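Per-entry structural report
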Amino acid sequence: RVHLDDEVRRVAAAGADALHINVIDSHDRPNLMLGHMVCAQLREHCSLPIGVHLRVPAVDALVERFAEAGADLITVHPGVAARLPATLALIRRVGCQVGLAFDPAEPLDPLARVIDQVDLVHVSCASPAAAARSFLDASLQQVAKARKLIDGSGRSVRLQVDGSISTDNIRRVA
């Protein structure tokens, strides 16, 4: 049996600087969704920043719930936000930092239009729909383009990557 409070303490003691929760609606993958109640439980037992990555339709309906549950950062995909600038403003209005996430096949065009509204850009280097989630070398171009857009903005925006990152490829990603 897993005790969430014990596991969070272990993660913090190991030196983690944040927790990341992927919220998936099982459209792309057969995962169970971790809801805002799990986020609230994490917040009860942890002072680390909590980032929530919403990969669900109708994200606006969930933003306030996750903010109230203790999320510090909420990341969304451009394709699931009906009106992206309004969704990003909502995230900011509820007191959270704003993240924008991209899958390997998603164009970064929306980022250029809203770079002034984001605190974090998240790029996945593996397809979310693939069961094996193998690292995609083509994603390196997307990471480089995101870095260029961020640097060109003159803002302090963090770049985060995931998706089969390992000791074999981390130097190329960095």
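Calculation criteria
Residues numbered from 1 in each chain as written. Predicted model: local features only at pLDDT ≥ 70, side-chain atom pairs only at ≥ 80, totals over all residues. Heavy atoms only, no water. Core = buried A, V, L, I, M, F, W, Y, C linked by side-chain atoms within 4.5 Å. Buried < 20%, exposed > 50% of the residue type's maximum accessible area, 1.4 Å probe, protein only. Contact = heavy atoms within 4.5 Å. Helix = DSSP H or I, 4+ residues; strand = E, 2+ residues; numbered from the N terminus. Axes fitted to C-alpha atoms, helices over the stretch in contact; angles between N-to-C directions. Parallel < 35°, antiparallel > 145°, perpendicular 65-115°, else oblique. Left-handed = near helix turned anticlockwise from the far one by under 90°. Nonpolar A, V, L, I, M, F, W, Y, C, P; charged D, E, K, R; others polar. Polar contact = N/O pair within 3.5 Å; in protein donor to acceptor, adjacent residues only side chain to side chain. Pairing = 2+ DSSP bridges. Right-handed = clockwise from strand over helix to strand, strands pointing away.

**Describing the nonpolar core**
- Counting residues in each nonpolar core, the largest one holds 42 residues, and the members touching the most others are L54, I74, V76, V118 and V121.
- Setting aside anything within four residues of it in sequence, one finds V118 in contact with L88, R92, V98, L100, L111, R155 and V157.

**Observations concerning the environment of S124**
- Relative to the elements of secondary structure, S124 occurs in strand β5 (residues 120-124).
- Owing to a relative accessible area of 3%, S124 belongs among the buried residues under this scheme.
- Spatially, the C-alpha atom of S124 lies 9.4 Å from that of A105, the residues being 19 residues apart in sequence.

**So, the packing of helix α1 (residues 4-13) against helix α2 (residues 36-45)**
- The N-to-C vectors of α1 and α2 enclose an angle of 60°; their axes lie 9 Å apart at closest approach. Between α1 and α2, the angle is such that the two are oblique. Crossing geometry of α1 relative to α2 is assigned as right-handed. Across the interface between the two elements, L4, D5, V8 and R9 from α1 touch V38, Q41, L42 and H45 from α2.
- Split into classes, the residues belonging to the contact of α1 with α2 amount to four nonpolar, two polar and two charged.

**Things to note about the side chain of H53**
- On the secondary structure map, H53 appears in strand β2 (residues 50-55).
- Within the structure, the side chain of H53 is placed 2.8 Å from the side chain of H77, a separation counted as a polar contact.

**Quick look at the environment of L42**
- Examined against the element boundaries, L42 turns out to sit in helix α2.
- Classification of L42 by relative accessible area gives buried; the value is 8%.
- Sequence separation between L42 and V8 is 34 residues; the distance between their C-alpha atoms is 7.1 Å.
- Not counting the four nearest positions on each side in its chain, L42 is found in contact with L4, V8, L19, I21 and I50.

**A word on the pairing of β5**
- Counting buried residues in β5 gives five out of five residues, a clear majority hidden from the surface.
- On β5, burial covers both faces: L120, H122 and S124 on one face and V121 and V123 on the other are all buried.
- Examined bridge by bridge, strand β4 (residues 97-102) and β5 share four bridges and lie parallel to one another. The residue bridging A101 from the neighbouring strand is H122, located in β5.
- For the segment spanning β4, helix α5 (residues 109-114) and β5, crossover handedness is right-handed.
- Sheet topology note: the β5/strand β6 (residues 158-162) ladder contains five bridges and is parallel. Within the sheet, the bridge partner assigned to V123 lies in β6 and is V161.

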